Amino acid sequence: MCGIVGYTGKRNAAPLIVEGLKCLEYRGYDSFGLAVMESGDGSAGHEDAAGKPTVIKKQGRISDAGSDVSVACGNIGIGHTRWATHGVPSDVNAHPHTDCSGDIAVVHNGIIENYAELKKVLIAEGHVFKSETDTEVIAHLLEKFCNTADADGLIGDEKIDFAVKNLMNTLEGSFALLILIRGFNGLIAIKRFSPLVLGIGDDELFASSDMTPILEHTQKILFLEDNDYAYLTPDGIRVFGYPSGEAVEREVKTVDWDVESAKKGGYEYFMEKEIFEQPAVFVNSFRQKIDDGAISVLKKASSITVVACGSSYHAGLIFRYLMEKYCKIPVRVEIASEFLNFTIAKGTAVIAVTQSGETADTLAALRHAKANGCPVFAVTNVLGSSVTRIADYVLYTRAGPEISVAATKSFTAQCAVLLRIVSLIGKGIFEKELFEIYPVLEETLLFDPADASAVCKDAENIFYVGRGVYYPISLEGALKMKEITYIHAEGCAAGELKHGPFSLLTPKTPVVAVCTKDDAYPVMISNIKEMKARGAPVIAIGSSGDKDLKEIADIFIPLPRSENICEVISATIILQMIAYNTAVLLGRDVDKPRNLAKSVTVI
Ligand code: AGP
């Protein structure tokens, strides 16, 4: 996830772009850049805009940038603050990206899935690339289509329409684009599966990934829809639909959010916003191409060991259950800080799962594995993070920056990548179901956690229980609850309760039980009856239409109708929502819980 911003109007663009990028820094902050140009002589239409776009871009945070960034002259501009997905954070990989001539500058939020093959063709046609990014293909494609339009004698809107429509026809993936083209007296905005909104000021127009930078200047917001493209010129905003090319009307709303609530997309906390980003994050993380070399090394391994901490450790446990069941490969999962105490069997492949890529214990564990001659892998959310410099193979989650300390979308993104590995080694097992999971997760987000939170908020202790893959899901649900509400919550294998924890069950000890219609269902039902017999209130999460479970539970939460594997992810989201809502009821600092840090970079 990155932040893009654009301006065209009566003022100098650079300072406005810089301030806009500072508002978007929470969307990505490993590098930044801007491109500005002067509009033409002001006559109507597309008179020649003076000179090429001037591009300034650097690795690092916009908030650390010096005043030199704001001095570039021009009243039309675009800017970008980056969360790297392709190509490590660096000056050359920062956006904007330009074509060979330097007449075209592009900023992009999203992922171009077919960039590799497009890049090959463009290089063969003589285009010279400077960066490792997927985005740069967009600038060269526009150059190619503009040159074709010139050869066909197209000018003005006809030329731009030709280039934009061919671009949208060629790109696969998600993109919100802002484009400067020399000779076009304004901005071009394109939206497909990534957010992009426009602002209407007094003789000035704005574009941005979200409203935050725009609300500083105007409350009149136009919401583009997927496959819209728009021209922002002195004549105003014109929006067109792809592929028809027909002009479309988009509603302009007056939005009275303050800047802080705009950063959170109108949600009260980043955690809630990040919970609601999960359908897209899961699908983007699952669908990505995984390095064949990595898969073949894992297939050949005599066993696999996962090293991780916290939520990432729980994701590793889920991976174990599924790999052992569907791929028959032995998998160990070790808490990273304990791993150095153990021997490593010959032929073991070791996978570090770490959202930040900076967790000291996990880095130490992976170095230990590497020193013992193991092939080492990293599943991480941050390009260029420390773990990527240790691992032989890096598999990225596509969660974008996760601001809240509590892991939510990064956890389900880790599950997505690990499930992809299971699917690729397991001959495509559950690939179809997970490719189509988006509506199931969207439906999951309709859940109202009020009843469950009302039971949890007054508890001093809460148990989370499950069997099989729902044991690590229970651990994760308990971690979410304890870390943001400060209520003691404990995840426990359902079959383990009778070996001690039962003594803690009272009418004041709620139990959250995940009990879907899988192999463990019958024994889970009897476990739940045993807990009920001791007076514990039971909140049961189960498969849609399960009348028996509804009958015995105090609160029954049905998952959307779906395949078992999808229920694993939707149950996770339900547990996140219960924890989140309970923390809000208790007035906790949800995004910044006491004593915790987002990344534990010390042993
Ligand atoms: C989970 O909500 C916490 N944020 C914490 O347990 C986290 O998962 C753990 O510290 C590991 O972090 P990492 O994934 O960045 O290595």
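Parameters and conventions
Every chain is numbered independently, its residues counted from 1 as its sequence is written. Local features in this predicted model are restricted to residues whose pLDDT is 70 or higher, and side-chain atom pairs enter the listing and the counts only when it is 80 or higher, whereas totals over whole chains, interfaces and linings include all residues. Side-chain numbers here rest on the full set of heavy atoms in the structure, without hydrogens or water. Two strands pair under a simple rule: DSSP has to find at least two bridges between them. Put simply, DSSP marks the helices as runs of H or I at least four residues long and the strands as runs of E at least two long, and each gets a number from the N terminus on. Only the stretch in contact is used when fitting a helix axis, every axis being a line fitted to C-alpha atoms; angles between N-to-C directions are given from 0 to 180 degrees. Residue contacts are defined here by distance: any two heavy atoms, one from each residue, within 4.5 Å place the two residues in contact. When describing relative orientation, an angle under 35 degrees is termed roughly parallel and one over 145 degrees roughly antiparallel, while 65 to 115 degrees is termed roughly perpendicular and anything else oblique. When the near helix sits turned anticlockwise from the far one by under a right angle, the crossing is termed left-handed; a clockwise turn instead gives a right-handed crossing. For each residue, the accessible area found with a 1.4 Å probe, counting protein chains only, is set against the maximum for its type, and the residue is called buried under 20%, exposed over 50%, and partly exposed in between. Whether a crossover is right-handed depends on one test, that the path from the first strand over the helix to the second runs clockwise when the strands point away from the viewer. Under the rule applied, a polar contact is a pair of N or O atoms within 3.5 Å (in protein, one hydrogen donor and one hydrogen acceptor; residues adjacent in sequence only if both atoms are side-chain atoms). Three categories are distinguished: nonpolar for Ala, Val, Leu, Ile, Met, Phe, Trp, Tyr, Cys and Pro, charged for Asp, Glu, Lys and Arg, and polar for the others, with Gly belonging to the last.

A. Structural context of the sheet that holds strand E1 (residues 3–9). Taken in spatial order, the 8 strands line up as E3-E2-E4-E1-E10-E9-E11-E14 in an open sheet, and their pairing is antiparallel. At either margin of the open sheet sits one strand with a lone partner, and together these are strand E3 (54–59) and strand E14 (252–254). Put simply, the sheet's adjacent strands are angled 20 degrees from each other on average, direction ignored. Where strand E2 (residues 31–37) meets strand E4 (residues 76–82), 7 bridges bridge the pair, whose relative direction is antiparallel. Residue pairing across strands places Leu-34 opposite Gly-79, the latter belonging to E4.

B. Expanded view of the side chain of Thr-362. Along the chain, the position of Thr-362 falls in helix H11 (residues 360–371). If near-sequence neighbours (up to four positions away) are discounted, Thr-362 is found in contact with Val-307, Ala-308, Cys-309, Ala-336, Ala-352, Val-353 and Thr-354.

C. Quick look at the packing of helix H16 (residues 470–485) against helix H19 (residues 564–585). Two elements in contact, H16 and H19, have axes whose closest approach is 8 Å; the angle formed by their N-to-C orientations is 15 degrees. Our classification of the angle between H16 and H19 gives roughly parallel. Considering how the two elements wind past one another, H16 and H19 form a crossing that is right-handed. Where H16 approaches H19, its residues Tyr-470, Ile-473, Gly-477, Lys-480, Met-481, Ile-484 and Thr-485 are matched on the opposing element by Asn-564, Glu-567, Val-568, Ala-571, Thr-572, Leu-575, Gln-576, Ile-578, Ala-579, Tyr-580, Thr-582 and Ala-583.

D. The arrangement of helix H7 (residues 278–287) in detail. Burial runs high along H7: 7 of the 10 residues are buried. In this structure, the buried side of H7 is in contact with helix H6 (270–276), helix H12 (409–425), helix H13 (431–435), helix H14 (438–444) and H19.

E. Region of the structure containing the pairing of strand E22 (residues 511–515). Burial of E22 is extensive: 5 of the 5 residues sit out of reach of the surface. Pairing of strand E20 (residues 461–466) with E22 involves 3 bridges; the strand directions are parallel. When the bridges of E22 are listed, Phe-463 appears paired with Val-511. The pairing of E22 with strand E23 (residues 538–542) spans 5 bridges and is classified as parallel. Of the residues in E23, the one forming a bridge with Val-514 is Ile-541. Taken together, E22, helix H17 (residues 521–533) and E23 constitute a β-α-β crossover, and its handedness is right-handed.

F. Molecular detail of the side chain of Ser-543. Checked against the element boundaries, Ser-543 lands in the loop between E23 and helix H18 (547–552). Among the polar contacts made by the side chain of Ser-543, one reaches the side chain of Glu-567 at a distance of 3.0 Å. Sequence-distant contacts of Ser-543, defined by excluding residues within four places in its chain, comprise Cys-515, Thr-516, Lys-517, Phe-556, Leu-559 and Glu-567.

G. Representation of the packing of helix H9 (residues 310–327) against H16 within the structure. Interhelical geometry of H9 versus H16 gives an angle of 165 degrees and a closest axis separation of 8 Å. Comparing their axes, H16 and H9 come out roughly antiparallel. In the crossing of H9 with H16, the sense of the turn from one axis to the other is left-handed. Where H9 abuts H16, its residues Gly-310, Ser-311, His-314, Leu-317, Ile-318 and Tyr-321 lie against Tyr-471, Pro-472, Ile-473, Leu-475, Glu-476, Leu-479 and Lys-480. Of the residues belonging to the contact of H9 with H16, the class tally is 8 nonpolar, 3 polar and 2 charged.

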